Amino acid sequence: MTLLDHYFSVFLQGFGHTLLASLYALVGSLILGTFFAIMQVTTSKVARAIGNIYVQVFRNIPLLIITLFFYLAVAKVIKMTGFTAGTIALTLYTSAFIAESVRAGILSIEAGQMEGARANGLNFWQAMRVIVLPQAFRVAIPSLGNQFINLVKNSSILAFVGGLDLMYQGNLVAANSFDTFTTYIIVGAFYLIITLPLSYYIQYLEGQLKKKA
Amino acid sequence: MSMIEFKDVQKYYGDFHALYDINLKIDAGETVVLIGPSGSGKSTLIRTINGLEEIEEGQLEVDGFDLHDPKTDMNKIRKNVGMVFQHFNLYNNKTVIENIMLAPRLVLKRDEAENKKIAMELLEQVGLVDKANAMPSSLSGGQKQRIAIARSLAMKPKALLFDEPTSALDPEMIGDVLDVMRDIAKNSSMTMLVVTHEMSFAKAVADRVIFMADGRILEDSSTEAFFDNPKEPRAKKFLSQVEHH
Amino acid sequence: MSEFFDAFTGANLGYLMDGLGITVGVSVISVVLSLIIGSIIGIILFEKLPYFSSLVGTLNNIVRNLPLLLIIFFTYFALPQFGVHLPIFWATVVAMTGFQSAMLAEIVRGGLEAVDRGQFEGARANGLSNMQTMIHIVLPQAYKKMIPPIISQLISLVKDTSLASGIVLAELTYRGQIVYAQNSNYIVPVLLFMTIVYFLLNYGLSLIAKWFDRRLA
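Residues numbered from 1 in each chain as written. Chains lettered and ligands numbered in written order. Predicted model: local features only at pLDDT ≥ 70, side-chain atom pairs only at ≥ 80, totals over all residues. Heavy atoms only, no water.

Undergrad: Please give an account of the overall build of chain A that cites residues and values.
TA: Of regular secondary structure, chain A possesses 9 helices and 0 strands. Starting at the N terminus and walking to the C terminus, you meet the elements of chain A as α-α-α-α-α-α-α-α-α. Projected onto its principal axes, the C-alpha coordinates of chain A cover approximately 65 × 50 × 25 Å. As presented, chain A carries roughly 9300 Å² of accessible surface, and 69% of it is formed by carbon and sulfur atoms. Of note, chain A has its 13 positive side-chain charges centred 12 Å away from the centre of its 7 negative side-chain charges. (Helix = DSSP H or I, 4+ residues; strand = E, 2+ residues; numbered from the N terminus. Areas by Shrake-Rupley, 256 points an atom, 1.4 Å probe, with all protein chains shown as cover. Lys, Arg positive; Asp, Glu negative; His and termini not counted. Charge placed at Lys NZ, Arg CZ, Asp CG, Glu CD.)

Undergrad: Before we move on, can you summarise the packing of aromatic side chains with the specific residues and values?
TA: Residues and elements named next belong to chain A. This model, assessed by the stated rule, comprises 22 aromatic pairs over all chains. Considering the side-chain rings of Phe11 and Phe190, the 6.0 Å spacing of their centres and the 25° angle between planes classify their relative orientation as stacked. With Phe11 in helix H2 (residues 8-41) and Phe190 in helix H9 (residues 180-212), this residue pair connects regions lying 179 residues apart in the sequence. The exposure class assigned to Phe11 is buried, which follows from its relative accessible area of 0%. (Phe/Tyr/Trp six-rings, centres within 6.5 Å; stacked < 30°, edge-to-face > 60°. Buried < 20%, exposed > 50% of the residue type's maximum accessible area, 1.4 Å probe, protein only.)

Undergrad: Which residues make up the side chain of Asn60 of chain C, and what values do they have?
TA: Tracing the chain through its elements places Asn60 of chain C in helix H3 (residues 52-64). The class for Asn60 of chain C is buried, based on a relative accessible area of 5%.

Undergrad: An account of helix H5 (residues 82-108) of chain A is requested, with residue identities and associated values reported.
TA: Residue and element names in this part refer to chain A. A rise of 1.5 Å per residue sets the reference length of H5, with its 27 residues, at 39 Å; its end C-alpha atoms lie 39 Å apart and thus fit the reference within 8%. At Ser95, H5 shows its maximal kink, close to 25°. Buried residues dominate H5, accounting for 20 of its 27 residues. (Expected span 1.5 Å × (residues − 1). Bend = angle between axes of the 7 residues up to and from the residue.)

Undergrad: Break down the sheet that holds strand S4 (residues 57-62) of chain B for me, citing the residues and quoting the values.
TA: If you walk across this open sheet you meet the 4 strands as S2-S1-S4-S5 (chain B), and the pairing is antiparallel. Each of the sheet's edge strands pairs with one partner strand only, and the pair in question is strand S2 (16-27) and strand S5 (65-66) of chain B. (Pairing = 2+ DSSP bridges.)

Undergrad: With reference to specific residues and values, describe the nonpolar core.
TA: Phe11 and Leu122 of chain A are the most contacted members of the largest nonpolar core, which has 117 residues in total. Other than its neighbours up to four places away in sequence, Phe11 of chain A contacts Leu3, Leu4, Leu166, Gly170, Val173, Thr183, Ile186, Val187 and Phe190 of chain A. The next biggest cluster of nonpolar side chains, apart from the first, holds 50 residues, and it includes Met101, Leu160, Val180 and Ala213 of chain B. (Core = buried A, V, L, I, M, F, W, Y, C linked by side-chain atoms within 4.5 Å. Contact = heavy atoms within 4.5 Å.)

Undergrad: Break down the interface of chain B and chain A for me, with residues and values.
TA: Counting from both sides, the interface comprises 22 residues of chain B and, opposite them, 19 residues of chain A. Of the roughly 1700 Å² buried at the junction of chain B and chain A (both faces included), carbon and sulfur atoms supply 49%. The largest per-residue losses of area from chain B upon contact with chain A belong to Arg78, Tyr91 and Asn93 of chain B, which jointly make up 30% of the total buried on that side. Where chain B meets chain A, there are 1 salt bridge. Counting every contact that joins chain B to chain A gives 9 residue pairs in polar contact (both at pLDDT 80 or more). Counting only elements with at least two residues in the side of chain B that touches chain A, the list comes to helix H2 (74-80), strand S6 (81-84), helix H3 (96-106) and helix H5 (141-153) of chain B. Top contributing element to the side of chain B that touches chain A by residue count: H3 of chain B, with 4 residues. For the side of chain B that touches chain A, the residue count by class is 11 nonpolar, 7 polar and 4 charged. (Buried area = accessible area lost by both parts, 1.4 Å probe. Salt bridge = Lys/Arg side-chain N within 4 Å of Asp/Glu carboxyl O. Polar contact = N/O pair within 3.5 Å; in protein donor to acceptor, adjacent residues only side chain to side chain. Nonpolar A, V, L, I, M, F, W, Y, C, P; charged D, E, K, R; others polar.)

Undergrad: How would you explain the layout of surface pockets if you had to name every residue and give the values?
TA: Empty space among the atoms becomes apparent when a probe as large as a water molecule is rolled across them. Approximately 860 Å³ is the volume attributed to the second largest pocket. Along its surface, the second largest pocket is lined by 29 residues, and Thr43, Arg118 and Phe124 of chain A together with Leu52 and Arg78 of chain B are the ones closest to its centre. When residues of the lining of the second largest pocket are traced back to their parent elements, those giving at least two are H5, helix H6 (111-119) and helix H7 (124-154) of chain A together with helix H1 (42-49) and H2 of chain B. Broken down by element, the lining of the second largest pocket gets its largest block of residues, 4 residues, from H6 of chain A. Partitioning the lining of the second largest pocket into residue classes produces 15 nonpolar, 6 polar and 8 charged. (1 Å grid on protein atoms, 1.4 Å probe; cavity = no way out; pocket = protein on both sides within 12 Å on 5 of 7 lines; lining within 4 Å. Points joined across faces, edges and corners; volume = space filled by probe spheres on them.)

Undergrad: Just give me the short version of the pairing of S4 of chain B, but keep the residues and values in it.
TA: Residue and element names in this part refer to chain B. Sheet topology places strand S1 (residues 2-13) next to S4; 5 bridges connect them, and they run antiparallel. Looking at the pairing, Ile4 lines up with Val62 of S4. Bridge count between S4 and S5: 2 bridges; the pairing is antiparallel. By the bridge assignment for S5, Glu61 is matched with Asp66.

Undergrad: I'd love a proper account of the packing of helix H4 (residues 63-77) of chain A against helix H9 (residues 187-216) of chain C, names of residues and values included.
TA: H9 of chain C packs onto H4 of chain A with a crossing angle of 155° between their chain directions and a minimal axis gap of 10 Å. As the angle between them shows, H4 of chain A and H9 of chain C are arranged roughly antiparallel. Viewed along their axes, H4 of chain A and H9 of chain C form a crossing whose handedness is left-handed. Residues Ile65, Leu68, Phe69, Leu72, Ala73 and Lys76 of chain A of H4 of chain A lie in contact with H9 of chain C, whose contacting residues are Ile187, Val188, Leu191, Met194, Thr195 and Tyr198 of chain C. Within the contact of H4 of chain A with H9 of chain C, the residues separate by chemical class into 10 nonpolar, 1 polar and 1 charged. (Axes fitted to C-alpha atoms, helices over the stretch in contact; angles between N-to-C directions. Parallel < 35°, antiparallel > 145°, perpendicular 65-115°, else oblique. Left-handed = near helix turned anticlockwise from the far one by under 90°.)

Undergrad: Let's hear about the UniProt feature "domain: ABC transmembrane type-1" (unreviewed entry) in chain A: which residues, and what values?
TA: Here the UniProt feature "domain: ABC transmembrane type-1" (unreviewed entry) sits at residues 15-202 of chain A. A distance of 23 Å separates the end C-alpha atoms of residues 15-202 of chain A, which is 85% helix and 0% strand. (UniProt positions renumbered as here; feature names shortened; annotations may be inferred.)

Undergrad: Explain the UniProt feature "domain: ABC transmembrane type-1" (unreviewed entry) in chain C to me, using residue names and the numbers behind them.
TA: Feature annotation in UniProt places "domain: ABC transmembrane type-1" (unreviewed entry) on residues 20-209 of chain C, given in this structure's numbering. Structurally, residues 20-209 of chain C is divided into 81% helix and 0% strand, and its ends, taken at the C-alpha atoms, are 21 Å apart.

Undergrad: Give a detailed account of the sheet that holds strand S3 (residues 31-35) of chain B, specifying residues and quantitative values.
TA: In sheet architecture, strand pairing relies on hydrogen bonds along the backbone and comes in two forms, parallel and antiparallel. Residue and element names in this part refer to chain B. Taken together, 6 strands build an open sheet; the order of strands is S6-S7-S8-S3-S9-S10 and the sheet is mixed. Each edge of the open sheet is held by one strand with a lone partner, namely S6 and strand S10 (216-222). With direction set aside, neighbouring strand axes in the sheet form an average angle of 15°. Bridge count for S3 against strand S8 (residues 191-195) is 4 bridges, and the pairing is parallel. Residue pairing in the sheet places Thr31 in a bridge with Met192 of S8. Contacts between H1 and the sheet are confined to S3, S6, strand S7 (159-163), S8 and strand S9 (208-213), with S7 contributing the most and set at about 150° to the helix.

Undergrad: Outline the pairing of S2 of chain B, supporting the account with residue identities and numerical values.
TA: All names here are of chain B. The sheet contact formed by S1 and S2 spans 8 bridges and is antiparallel. In the strand pairing of S2, Ile4 is matched with Ile26. Hairpin remark: S1 followed by S2, antiparallel, with 2 residues in the connecting loop; positive phi at Gly14, about 60°.

Undergrad: Got a sec to walk through empty space enclosed by the protein? Specific residues and values, please.
TA: Per the counting criterion, the structure on display carries 1 cavity of 30 Å³ or more. Size it by volume and the largest cavity reaches roughly 30 Å³. Along the walls of the largest cavity sit Ala119 and Asn120 of chain A together with Arg78, Lys79, Val81, Gly82, Met83, Ser152, Met155 and Pro157 of chain B, which together make up its complete lining. Here the lining of the largest cavity is built from residues that sort into 5 nonpolar, 3 polar and 2 charged.

Undergrad: Can you explain the packing of H2 of chain A against H7 of chain A? Please cite residues and give values.
TA: Residue and element names in this part refer to chain A. It is the contact of H2 with H7, at a shortest axis distance of 10 Å, that shows an interaxial angle of 135°. It follows from the interaxial angle that H2 and H7 lie oblique. Crossing of H2 over H7 shows right-handed handedness. Along the contact surface, H2 presents Ser22, Ala25, Leu26, Leu30, Thr34, Ile38 and Val41, while H7 presents Phe124, Trp125, Met128, Leu133, Phe137, Leu144, Phe148, Leu151 and Val152. By residue class, the composition of the contact of H2 with H7 is 14 nonpolar, 2 polar and no charged.

Written out as C-alpha cells, the structure is:
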C-alpha cells in the first residue's frame, strides 16, 4: 500500500483522464450512434447503405488501428494530442456498437407507434424524437450499459498514444517502482470502481426486465 | 364537393396486384362503409388515402392534393385526414391526455391552454374524462380505441378513416366504440370512411356501402339498396355469411 | 499515387501477412481454449452451487470488467515477479483466454437459462443423470442459440489481438508499425491495408454469424 500512497496523485490523474475520455466518448458516441441507427431504419436506400457501411467498418476493425490513424495520420494535418486522438477513435468505434443497440431498440418498437404518429400528422423526425426513440432507449438501456462498460475498458487504448489515462500512468508507475504486480492490481481496482457497480446494476435491470416479460 | 377521389388507381406489392382499377368518389360530409372478405384490399385502399401506402398508377386526390405527385407534402394531408387503427397505436410512452395533445402542439402549434381545453372536451365526448392521466397500458381495448378516436379528432380533421376499429375488441367493448362513431357521423360534418364487419353499424349510419373483393370494387350502392337487394352474387354470399354469425 | 504503393514491396507484404498468421493463430487457439473454460465456468454459474458459484461469479465479474490490455500487461510483465515466465505468444494466449472465458461464461449461462425447464425435467424423468442431461440434451440446444454471440466474441478476439502489439507480439498491427517506421510516407497506406485485412476477416466472420442466425431462426 506504500506504492499506492507514494504514487496516489499519479494514479488519480490517470483515473481522471480515463473518466474524462469515457464521458466525452459516451456523449459523442450516443449522438453519433443514434444518428446512424436512425439512418438504418429510414426508407431511403442511400441513407440505409451509408448507415450500414459506417457500422460495419467501425465494428470490424481494431480500435487500435483507428487510434493510430488519428494519432499518426490525421494529427499531421490537424494538430491534436494523444488524448484527443484516442478519445475521437474511442467515440467512432463505440458509436458503431451503440448504433446497433439503438437500432435493435427501434426495431423492437411495434411499427404501429410510427404509423400512428405519422397518421396523426407528425413528420418522421417528430415521430422518431417524441414517440419512437424514448421507447427504444428504454428497451436498449441494458445493452447501452454494456457498451458503456466496454467503452471504459477500451479507453485503455489511450496508453498506446501517450493519452495520460489510467493504463498509461500505470505503466509509468510500474517502470518507476519495479513492482509491476502491485501497480497493475491498483490500476485494475481503479477500473473496477467504474465498471463493476455498472455491471451489477445492469444484471439487476435485466433481471427486472425478465420478471416483467 | 369531393373529399376523396380515386381515378383508375392500381397498387402492387411486387407481383401481387393489390388494388385493381379503383374508381371511387367520396363527397365531403359523407359516411361510407367499406366491406368485403379479408384480403380483399379494404385496408390497403384506406391506407392509400393518407399515404401510409403508395399507389403505383392512376390518380388519387384527397382534399385537393394529388397524392401521386411526389412533390405533395404528405404531412399537410395528414393534418386534415385522421386515422383510427385496428390496434389503436396509442403512444405507449405518453399519458392519455398527452396522446391527445401531442400532435396539435407539435403540428398545429395550438396554444397550450386551448389545447388542454379541447382535449378535455374530447375526453368528455368519448366518456373517459377520469382516464386523462392514465397510461395507455392500463386501459381496456375499448377505452384505448375511444382515446384513439379522440386523438384523431383533436386535429380537427376534415375526414376520418377507420381501419377495422372494432375487430381487435372483446364483444362487450364494441358497443361503446360504435356509439362514439355514430355520434360523430350524426352530429358533425365529418367525412368518414369506415372499414368494418359490423353490419348493424353500416345499416344504421352509412350513406353508402362499398363492397370489395380481390382488390376490386364490385359494388357501390346506397345503404338501403345494398342491404335490401345486393347486385353482386359475391356480395350476396358475403352478406349471408356475416349475418349468420 | 505510385508512392502510395511503395509501402507494399514483396518483402513488406510477406512480413505483414506472416503477422496476420500470428493474429489468426492466437485467435484460434484462444477461442478453442476459452470455449472449453468458458463453458465450464458458465455451467458452474448456471448450477448455482452454494458458495462456490457465487465465488466463481464474483471472480468472473472482476475479470470481465477489466480492460483486456491490463490483463495482457499483467500476464506478461507482472507474472514473472512470481517466477512465471511466459513467451510473448503464450502470454498473449493466456491473457486472451482468461478474458474471453469470462465473457463466454456469461453467454453460456444466458444460453442455458434460455433452454426450457421442461427439457431438464423430461431428461431427468427419463432416467438421465444430471451430467448426461447437460451433455446430451441441454448443452447442444444452448450452443445452437449461442453460435451468433460466440462468433461476435471471436470477432472481438481477432480485433483485440492487436493489443498484444503493446507487449511486442509480432502480430499484424505490430508488424504494420515496424513497416511504417521505415518511412513515414508509409503510415497511411499501411494503416489502410491493415484496416482492409481486419475488415475482410471480421466481416466474413460476421456474415457467417448472420447465416447461422437465419438458419436457426
